[in-house]
Each structure stands twice: as C-alpha cells, then as structure tokens.
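Spelled out from the first residue to the last, the chains are:
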Amino acid sequence: MVKIADRTQFLWDRKVALALDCFICRRAHRSHFLEADESAGRCASGQRAGEETPEGVFSFSDTSLTHPTSARIAGFNSSAYRATGHRQAQLLRCDVDHWWAPFDDLVTGRPGRRLSAHPWVRLSFNTGCRDCFDKGDRDALSKPGRQGFQTNQVYPVVCSCPGCGRALATVESAPAVTLVSAPG
C-alpha cells in the first residue's frame, strides 16, 4: 500500500522484480524481471569466473547472464481507496505464475525451493507533482518521476518531488511475498 499526498499524480509501473530460485540456470535466489502482459520474464544470474553456463542461457557480458524464465505476471490489479485518517492510498496485488522443478544450486549444491529462502521483491511507480505543474514546470506531470521500494529497505519510505521536495507518496511497510499454492 502506498499513501498518496494531495495533488499527486500516481501510476504503478507494470514491471516487477523479485527473487526466485531458477531451475533453468540452476541457481538459487536469482533476480527475475517480469512485466505485465508479457508471456515470460527474464532471469538475471551473476556469473563467476569458471562457472558452468547452462544450455539455453545467453551471456551478454562476462559478469551477467540472462535468459527467459518460467515466471510471468498472471494478474496485476491496483485499486485506490480513501484510507481512514489519510487522503488516498493505492493498493497493488501482483499474482505471479512460476513453474518450478527440483534442482541443486550449481555453486552451493543446496536444493532449490519453490519460494526463495529470502523472498525479495521490488515495485516501482511513477509520480507527478501538480504543484510544480501549476508553477509552470510542464514536465512535472508529462514526465513523472519513477520511484520505488523493495523488501530490504528501512520503512517508511517517503518519495519526494525532485522539483520542490514535497512528499508525494509514503510506503509504510515492505511488500509481502506469499506462496499461494504448490503442487503436491
């Protein structure tokens, strides 16, 4: 939930980053980048010197790997409501389908998990300041500032206007990652 200040333009970014154990590259706790309406996301795996590059994984540099992943955004639902004692808030529920198969991590040898041992997610949104727009900054709404938050930050997170410094949005707690169902 993000609390929105008065006179703020707000829009969720339809991209999500989260940590998942990836059976494709056989690495645990990999950053997966997903976008709503895309059939699959991308897994970014760090590569160390001498590490095995699994079949089907494409190297774009000596330090990173990226490949299509078995995760996708299945539902991206946001809603606005008036919070008691506050102006307006935005809620986001993002459902992710993640096909998973057992594997042992290539580096540590530990078994992979359906939900990463340390769930992590990053969400982003765009904000615009109507006060700056009214004062003549025409980019204040047409080119809103991208801001975000992730599970491993200190909360609350306050996102401010780069023009006037006014607080536009406040995130009071970290996003939650929940495994809803897993096959037997």
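Above this text you will find the structure in question.
Described below are features of the structure shown in this document. (Residues numbered from 1 in each chain as written. Predicted model: local features only at pLDDT ≥ 70, side-chain atom pairs only at ≥ 80, totals over all residues. Heavy atoms only, no water.)

## Some thoughts on the packing of aromatic side chains
For step 1, the next point in the chain: Scanning the model with the defined rule gives 7 aromatic pairs in all.
For step 2, the next point in the chain: Ring geometry for Phe10 against Phe125: centres 4.9 Å apart, planes inclined by 35°, an arrangement best described as tilted. Highlighted residues: Phe10 in strand E2 (residues 8–22) and Phe125 in strand E9 (residues 121–129), separated in sequence by 115 residues.
For step 3, the next point in the chain: The ring of Phe133 is capped by Arg138, whose NZ or CZ atom sits 4.5 Å from the centre of that ring. (Phe/Tyr/Trp six-rings, centres within 6.5 Å; stacked < 30°, edge-to-face > 60°. Helix = DSSP H or I, 4+ residues; strand = E, 2+ residues; numbered from the N terminus. Lys NZ or Arg CZ within 6 Å of the ring centre and 35° of its normal.)

## Description of the side chain of Ser116
For step 1, the next point in the chain: Note on placement: Ser116 falls in the loop between strand E8 (88–98) and E9.
For step 2, the next point in the chain: Here Asp21 takes part through its side chain, which lies 3.3 Å from a polar atom of the side chain of Ser116.
For step 3, the next point in the chain: Within polar-contact distance, the side chain of Ser116 engages the side chain of His29 at 2.7 Å.
For step 4, the next point in the chain: In this view, Ser116 contacts Ala19, Leu20, Asp21 and His29; residues no more than four positions away in its chain are not counted. (Polar contact = N/O pair within 3.5 Å; in protein donor to acceptor, adjacent residues only side chain to side chain. Contact = heavy atoms within 4.5 Å.)

## Description of the layout of surface pockets
For step 1, the next point in the chain: The calculated volume of the largest pocket comes to roughly 1,100 Å³.
For step 2, the next point in the chain: Among the secondary structure elements, those contributing two or more residues to the lining of the largest pocket are E2, E8 and E9.
For step 3, the next point in the chain: Counting residues per element, the lining of the largest pocket draws most heavily on E8, which supplies 8 residues.
For step 4, the next point in the chain: Along the lines of polarity and charge, the residues of the lining of the largest pocket split into 24 nonpolar, 4 polar and 5 charged. (1 Å grid on protein atoms, 1.4 Å probe; cavity = no way out; pocket = protein on both sides within 12 Å on 5 of 7 lines; lining within 4 Å. Points joined across faces, edges and corners; volume = space filled by probe spheres on them. Nonpolar A, V, L, I, M, F, W, Y, C, P; charged D, E, K, R; others polar.)

## Here's the deal with the state of the cysteines
For step 1, the next point in the chain: As enumerated under the stated definition, the model contains 0 disulfides in all.
For step 2, the next point in the chain: The thiol of Cys43 is not disulfide-bonded; the next cysteine sulfur, from Cys22, is found 3.9 Å away.
For step 3, the next point in the chain: Judged by relative accessible area, which is 0%, Cys43 ranks as buried. (Disulfide = S-S within 2.5 Å. Buried < 20%, exposed > 50% of the residue type's maximum accessible area, 1.4 Å probe, protein only.)

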